Amino acid sequence: MVAVPSNGFHQSLWRSNCLSPREEQELDFDHLGEGLVEVSSGDGPPWEAELVSRIRALSATEKSLVLETVSHYLEERGQGAGKEQVWGTEDVAIRELLEPWHLVPQQTLEQTFLFHLSGLVLRECDDTELVKSHLAHLLELPHQPCSQREGIALAVGLTSASHLEDVWAALEHLGRTRFLRSALCLADGQGRWEPELKRLRRPHFLPPTPQQPDSDLHWKWVSSTVLLCYGQVALHAREQVLPWVDSLASRMVYYFSCSSYDSALKTSFLAAAVMLVKALRREAGTQSYKFMQTPELIRCLLCILQREPNFLATPFRQKIILVIVGLSNLRPCLKPTVKSTILQTCLKSLYTLPPLELPDSSLPPQDPAPDVMALYQKTMCALDLLLQTFISENKSMDEVCFLLQHAEPWLKSDEGLECRRAVQSISLLLQYVADVLKFTEEATPSMLGHQIGLLTLLWRDKDEVTRNLSCQCVHLLLQLLVLQKGRTVELPHVNRLKQWEVRGSREWQAKLYHTVKAFNETLTVAQHTQLVLSLLHGLGSHGPLRCDLASQLLLTMFQEPGVKPEQVAEVLQGLFRELPGIVFKGIRQTVMQAVSALGARHTQETVEVVLCLGHPSERQVLPLWKALATTPRLTREVVTQLYMKLKLRPPRLLGRSLSEFRPISLLALGTIYELLYVQEFRATVRWAFAGILLGLLTQLHYLFELGLLEDISDYPEDTLETKPLSPCRTCLEALKGLFWTTSYWEVFAHLKLLSGWELLEHPETYTDGVTLLARAMAQYNCEVKAVLGQAAISLKSTEERENVAAILIITEFLSSPEVFQHVSRRAVDNCLSLSLSNSSQLVRAMSLKGLSSTLMHPKKVALLRSQLLGLLDSFLKPEPKDITGLMEVLSHVLHRLGTQGDGAVSVKIAQHLLPLFEDEREEVRAGAIFLFGDVVYSGGKKFRQTLKGLAFQALVPLLLHQADPCPKVVMKAKFTFLRCAILLKWEFRKELSSKLAWGRGPGAENDIFIYMVESNFSSCQQFLMQALTYLDSPLQGLKLAAMKFIGGMLQDYFTDLCFYLKKGDVKILQKSFETLREDQDSVCRKFYLSFLADVMELSQYVT
């Protein structure tokens, strides 16, 4: 299998994995030492066998002579180390010594040959003392020239084949006497040094010194020599070195860590490592040993790799990786942390290389110039071999996931070249796994889903190679998952991923569909979750194509039955984290469609998760709720779920603080409150009105039981401060919002003007507040049928708090005869009769009250009417006793009768109440005004028009009494004024209710004045005449209000007054004005002067 070539590559130059791991290993390791130092294979040159036979024929004395002669000349020539590579012709002695051996004349003068010869002679020498002596002489030679270091190492290595312990002792002695002294000099100059150098776990290089005297230069590179010696020892000692490998490796790490880093140290260490690996690969008994120093050797190699320049000019990268491959095959297996470090370092070193297309001028000058393309191919092949080695050691999907995990940063890279290289490596690895390996165990790592997601997002990459290979990688991963499960039946959706080239949007949508189906067929739930989270993270990408792919895949996934209920929480939490990073508007819209699709399939789980994400008013949470309101069906399910969560009211445990106790019903409460004001939920809130109402009333009772009363009464309505609401306050505001947002503003204003909402703020007045609310709902026919049905259900509940709210509503609704349009009298009777056995005394009492209502016993209507006539007689007396109490009794009787009262009696009561508006007693004025509002609604259809006339007649007095000095009278006047406006069906009733409830100052007064006049345009004359009578009022507030009213009429409606006033009306107006001229109050005189001209002008126009 050959990978798709990258841009700028020729097909023939690209690497493949058609070779088996063993074949590639043999190929690479045969040439592992090329380009470093002179690394022998350990088998010796062709002439060595003949030379060894002659050496063995020598006597001990002759061998000693040879060693002395060679040692002498090596020492002499070492004086001019680095100046010459060939000995001079005057050195006759060496020629004479070697002449009988019939060697090539020039060869006898080569330094390398002489070192080789010394090593062979020492290897064949039986005299231990002689060997020790000459080893010491060899190691005392200068270490400055590279050829000298290599020669010494070769001689030492050859000697170790027969005298391993002596060689080891010589090297140890050199380290103690020469290397340590040199290191001390380099490190401190005063002899201070850390005695525990052997305990170093990672390289800490000594800083190089700019200048050293000649004596120091002699030993400066001794560590490089020793490293080469250890490598040669490993190579030549054969099987006897195996027990020594750990000690040898620890010395290599020690010398490398404690030396000044330069090219000589780097080359020597790498050469030694190469020789060590070659030796271990060659010996059959290697696998029977455990080598504990392997991780330390690898750390040193990685340090060299990290220090390599960021361009390819030498084969060092390839060699280092190949050595690591060799070391990783040893026992014991590398720990995951070591493998992780290897992968991180190697991938970074290779993937961050500059483009190979850069001109040669960008590289340092070299002779000859390196073949960068060939170096790159070999280095990447070495990396492929490393990955294949790791996966071959642990044939499982866990290992695949582990390897892919280290490629993740490069798959996410903004540099296209880095990403392409990573995908190429992954593609070759997966193809190798699919073609060669068979998994030994079944594994389902969850993070594999995350990696599949990363590769999938590359399908819309700018680079064509990356796109094609990423699709191939996804297909291979899914195929591997299928194979490890032992499935023999082909999965059609997985196979369709082989064709990754698509044309047109229709084919693209089909590919997304098959992709999602393939994911559903092959991935576990945990893997699927990680895949979704990976796609969610891709939504925040700065590339629009990648974001679009992620959003479209998510939408398709959520529309299909692939997401399980147990995934919803993690998925939505991941989405919530990514929402702030989505920068494209179109992507955000698609994501919200996906949320809607997820909510449609898993409504309960979705609602539960979104509830816990945060308060709905938060910027990122509200769009999620809006997404769950895209269809009426889904919106109803969401609201139903919130209602069900609102009913989860656990008892508060003893010893648990209020701050720690936060049941889910509080989250549902806050959410319902916010959603009342979301346009997308308006229709559904209206549909669920009854359930929400009973739920909120019950929730308020529950909060009272918990004692969560903080800040409920301390809520400023006229401020813009965004202070978090307490649970009780939230519940109360939700009740208000329920009526306001569903356009039942009459009920809202009714309670506002009667301070009914304040009754609901305290447990003691809770029942009064619910009763007043139910009365207002019955009066304005507010969802009576739905609320009555829901109340009947709540009355059957086992919770007392639900029974209380339900019975209060049902009982109050029985004051309206329209109840039996929605439910039969028998059903109501059965419901109330069952409640008589309720454990709550309040519920039993209210049930009795309901059973005794006029609707349940129509005969009581006649009795109440006769009682009403008696009360009327008492009321019409010139000076009735306790008129305030009498008006309260009248109000109670009228309420019990409802619309079944005596219309004629109601008219007489209303007529008698109008003069009482001006009574000097505050409580009488307040009682008369409030009772008037009840009376005008109690006459039935026959007398409705007459009562409307009386209501119209009361408008000006009610308006002016809003300036009454008594606050109680003011509120009653506003309340009755609004009821009259509703009865008369004014055009701006809702706006009027807002001004009456919250309006303050001249602006609100002017708006109320305008609503009144504009709604009764033809009644300007009557309004003006009524207002004139208040200019003589003993109450200064009413007098001033009358002047404002008259002034407004003269100023804003002058033309209309000219049309509607008669001459007699103008005379009355002039006469009233004249009384103001002599008034002692300066405000009255000022008013007279301000509008006198208008009055005079009006008298001229009115004829």
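Remember, it's a predicted structure, so these values are computed and weren't measured experimentally.

Each value, and the rule that gives it
Residues numbered from 1 in each chain as written. Predicted model: local features only at pLDDT ≥ 70, side-chain atom pairs only at ≥ 80, totals over all residues. Heavy atoms only, no water. Helix = DSSP H or I, 4+ residues; strand = E, 2+ residues; numbered from the N terminus. Buried < 20%, exposed > 50% of the residue type's maximum accessible area, 1.4 Å probe, protein only. Areas by Shrake-Rupley, 256 points an atom, 1.4 Å probe, with all protein chains shown as cover. Contact = heavy atoms within 4.5 Å. Expected span 1.5 Å × (residues − 1). Core = buried A, V, L, I, M, F, W, Y, C linked by side-chain atoms within 4.5 Å. Salt bridge = Lys/Arg side-chain N within 4 Å of Asp/Glu carboxyl O. Phe/Tyr/Trp six-rings, centres within 6.5 Å; stacked < 30°, edge-to-face > 60°. Lys NZ or Arg CZ within 6 Å of the ring centre and 35° of its normal. Axes fitted to C-alpha atoms, helices over the stretch in contact; angles between N-to-C directions. Parallel < 35°, antiparallel > 145°, perpendicular 65-115°, else oblique. Left-handed = near helix turned anticlockwise from the far one by under 90°. Nonpolar A, V, L, I, M, F, W, Y, C, P; charged D, E, K, R; others polar. Disulfide = S-S within 2.5 Å. pLDDT = per-residue confidence, 0-100.

**Looking at the overall build of the protein chain**
Piece 1. When helices and strands are tallied, the protein chain shows 54 helices and 0 strands.
Piece 2. Out of the 1103 residues in the protein chain, the part that is buried amounts to 55%.
Piece 3. A total of about 49000 Å² of accessible surface is found on the protein chain, and carbon and sulfur atoms cover 52% of it.

**Focus on helix α34 (residues 745-753)**
Piece 1. Most of α34 is tucked away: 9 of the 9 residues are buried.
Piece 2. Of the positions making up α34, those classed as buried are Trp745, Glu746, Val747, Phe748, Ala749, His750, Leu751, Lys752 and Leu753.
Piece 3. Elements in contact with the buried residues of α34: α33 (727-741), α35 (756-759), α36 (766-779), α47 (967-983) and α48 (989-998).

**Remarks on helix α10 (residues 222-236)**
Piece 1. Between its terminal C-alpha atoms α10 stretches 21 Å, which fits the 21 Å expected from 15 residues at 1.5 Å a residue.
Piece 2. Most of α10 sits out of view: 15 of its 15 residues are buried.
Piece 3. At the C-terminal side of α10, Arg238 shows a positive phi close to 60°.

**Some remarks on the nonpolar core**
Piece 1. Trp625, Leu693 and Phe739 are the most contacted members of the largest nonpolar core, which has 371 residues in total.
Piece 2. Apart from residues no more than four positions distant in its own chain, Trp625 is found in contact with Val607, Val610, Leu611, Pro616, Val638, Leu642, Thr671, Leu675 and Phe681.

**With respect to the pattern of salt bridges**
Piece 1. The final tally for this structure, using the stated rule, is 30 salt bridges.
Piece 2. In this structure, Glu50 engages Arg54 in a salt bridge whose closest nitrogen and oxygen atoms are separated by 2.7 Å. In this pair, Glu50 and Arg54 are both assigned in helix α2 (residues 48-57), 4 residues apart and thus about one turn of the helix distant.
Piece 3. The partly exposed category is assigned to Arg54, whose relative accessible area is 22%.
Piece 4. Arg1077 is paired through a salt bridge with Glu1078; the nearest N and O atoms lie 3.6 Å apart.
Piece 5. Classification of Glu1078 as exposed rests on a relative accessible area of 60%.
Piece 6. A cluster of three or more residues bridged by salt bridges with shared partners is formed by Glu48, Arg56, Arg123 and Glu124.

**Some thoughts on the packing of aromatic side chains**
Piece 1. A full pass over the atoms with the stated rule returns 30 aromatic pairs.
Piece 2. Three or more aromatic residues joined by ring pairs form one cluster here, namely Phe689, Phe739, Trp740, Tyr744, Phe748, Trp757 and Trp998.
Piece 3. Cation over ring: Lys972 sits above Phe930, and NZ or CZ is 4.3 Å from the ring centre.
Piece 4. For Lys990, the ring lying beneath its charged end belongs to Trp740, and the centroid distance is 5.0 Å.

**Section: the environment of Leu869**
Piece 1. Within the element layout of this structure, Leu869 appears in helix α41 (residues 860-876).
Piece 2. As for Leu869 and Val905, which are separated by 36 residues in sequence, their C-alpha atoms are 7.1 Å apart.

**Quick look at the side chain of Ser835**
Piece 1. Relative to the helices and strands, Ser835 resides in helix α39 (residues 825-835).
Piece 2. Residue contacts for Ser835: discarding those within four places in its chain leaves Leu795, Val843, Arg844 and Ser847.

**Focus on the packing of helix α38 (residues 800-813) against helix α40 (residues 841-851)**
Piece 1. Between α38 and α40, whose axes approach to 9 Å, the crossing angle comes to 15°. When the axis of α38 is compared with that of α40, the two are roughly parallel. When the axes of α38 and α40 are compared, the crossing they make is left-handed. In contact with Asn803, Val804, Ile807, Leu808 and Thr811 of α38, α40 contributes Leu842, Val843, Met846, Ser847, Lys849 and Gly850.

**Looking at the packing of helix α11 (residues 245-257) against helix α12 (residues 263-282)**
Piece 1. Following both chains from N to C, one finds α11 and α12 inclined at 170°, their axes separated by 11 Å at the closest point. Our classification of the angle between α11 and α12 gives roughly antiparallel. The residues of α12 that touch α11, namely those facing Val245, Leu248, Met252, Val253, Tyr255 and Phe256, are Leu265, Phe269, Ala272, Ala273, Leu276 and Leu280.
Piece 2. The residue inventory of the contact of α11 with α12, partitioned by class, reads 12 nonpolar, no polar and no charged.

**As for the state of the cysteines**
Piece 1. Following the criterion strictly, the structure yields 0 disulfides and no others.
Piece 2. The thiol sulfur of Cys471 is not disulfide-bonded, and the nearest other cysteine sulfur, from Cys473, lies at 9.3 Å.

**Remarks on the confidence of the model for the protein chain**
Piece 1. Considering every residue of the protein chain, the mean pLDDT works out to 85; 87% of them sit at 70 or more.
Piece 2. By mean pLDDT, the top-scoring element of the protein chain is helix α15 (residues 336-351) (97), and the lowest-scoring one is helix α1 (residues 21-29) (41).
Piece 3. Residue range residues 1-28 is modelled with pLDDT below 50. Its contacts to residues more than four positions away, or to other chains, number 64 contacts.
Piece 4. Note on residues 82-87: pLDDT is under 50 here. Beyond four places in sequence and across chains, it has 14 contacts.

**Brief notes about unusual backbone geometry**
Trans peptide bonds make up the majority, and among non-glycine residues the majority have a negative phi.
Piece 1. Between Arg331 and Pro332 the backbone carries a cis peptide bond, its omega angle lying at -5°.
Piece 2. Positionally, Pro332 belongs in the loop between α14 (316-328) and α15.
Piece 3. Of note in the backbone geometry, Ser755 takes a positive phi value of approximately 60° without being a glycine.
Piece 4. Considering the arrangement of structural elements, one finds Ser755 in the loop between α34 and α35.
Piece 5. Positive phi, close to 60°, is recorded for Lys985, a residue that is not glycine.
Piece 6. Tracing the sequence through the fold places Lys985 in the loop between α47 and α48.

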